[in-house]
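# Architecture and fold: a report
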Amino acid sequence: MSREIIHTDRAPAAIGPYSQAVRVGPTVYLSGQIPLDPSTGLVIEGDIEAQARRAFENLKAVCEAAGGSLDKIVRAGLFLTNLGDFAKVNAVMAEYFSAPFPARSTVEVSALPRGVQFEIDAIMVLD
């Protein structure tokens with residue numbers, strides 16, 4: 001089975017040796033998105049809600065570049081540097097997803113790239 005590399009300028013370029021997403025058949029594996037401004041490559045200013053929104057927007061752009069949407073995500077992984085922000089991130093996620101929701105894990109980590117507070121990765125299945 002062949003792999004199709006997904007890339008869009010509407011999301012930040014990879015900051016390491018990886019692709020924004022890889023499609024294998026109907027499944028798209030989306031790399032982690034952090035709150036980088038795609039036009040500058042810099043971390044956006046703001047609180048956890050602002051950071052989460054930017055990361056979700058970046059993820060949405062990659063989904064769309066792969067021919068899908070956030071509604072096609074079947075699993076998401078959320079990474080926070082402070083699990084005390086769990087409720088705030090849930091509220092932001094509810095702005096982007098509706099029932100039926102994807103499966104999800106949420107983990108607190110000691111640090112994330114570029115010192116951000118939030119990252120999301122996901123798996124999407126296209127029809």
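Our next topic: the nonpolar core. One finds Leu-30, Phe-56 and Phe-118 to be the most contacted residues of the largest nonpolar core, which totals 29 residues. For this core, the secondary structure elements donating two or more residues are β3 (27-33), α1 (48-65), β4 (73-80), α2 (86-96) and β6 (118-125). Per element, the largest residue contribution to this core is 8 residues, and it comes from α1. Setting aside residues no more than four positions away along its own chain, Leu-30 makes contact with Gln-20, Ala-21, Leu-59, Val-62, Cys-63, Asp-121, Ala-122, Ile-123 and Met-124.

Attention shifts here to the packing of aromatic side chains. By the definition in use, this model includes 3 aromatic pairs. Between Phe-56 and Tyr-96, the aromatic rings sit 5.2 Å apart at their centres with planes inclined by 20°, giving stacked as the arrangement. Taken as a pair, Phe-56 in helix α1 and Tyr-96 in helix α2 lie far apart in primary sequence, 40 residues in all. There is no split in this pair, since Phe-56 and Tyr-96 are both buried. Considering the side-chain rings of Phe-56 and Phe-97, the 6.0 Å spacing of their centres and the 70° angle between planes classify their relative orientation as edge-to-face. Of this pair, Phe-56 sits in helix α1 while Phe-97 sits in the loop between α2 and β5 (103-108), and the two are 41 residues apart along the sequence. Each member of the pair, Phe-56 together with Phe-97, is buried.

Further remarks concern α2. If you check which residues of α2 are buried, you get Val-89, Val-92, Met-93 and Tyr-96. Along the long axis of α2, the arc covered by the buried residues comes to 105°, so they all point the same way. In this structure, α2 carries Ala-87 and Ala-94 as exposed residues pointing more than 90 degrees from its buried face. Where the residues of α2 are buried, they touch α1, β4, β5 and β6.

Conventions adopted
- Throughout, a residue's number is its position along its own chain's written sequence, starting from 1.
- Whole-chain, interface and lining totals are the exception, using all residues; otherwise, since this is a predicted model, local features are given only for residues with pLDDT of at least 70 and side-chain atom pairs are given and counted only at 80 or more.
- Derived side-chain values reflect all non-hydrogen atoms in the structure, with water molecules and hydrogen atoms excluded from consideration.
- Remark: nonpolar core denotes a set of buried residues (Ala, Val, Leu, Ile, Met, Phe, Trp, Tyr, Cys) joined through side-chain atoms within 4.5 Å.
- Summary of the burial criterion: residues with accessible area below 20% of their type's maximum are buried, those above 50% are exposed, and those between are partly exposed, where the area comes from a 1.4 Å probe applied to protein chains only.
- To qualify as a helix, a DSSP run of H or I must reach at least 4 residues; to qualify as a strand, a run of E must reach at least 2; elements of each kind are numbered from the N terminus.
- By the convention used here, residues are in contact when the closest approach between their heavy atoms is within 4.5 Å.
- Working definition: a ring pair exists when centres of Phe, Tyr or Trp rings (six-membered ring for Trp) sit within 6.5 Å. Plane angles under 30 degrees give stacked, over 60 give edge-to-face, the rest tilted.
- Directions from the helix axis toward the C-beta atoms define the arc.

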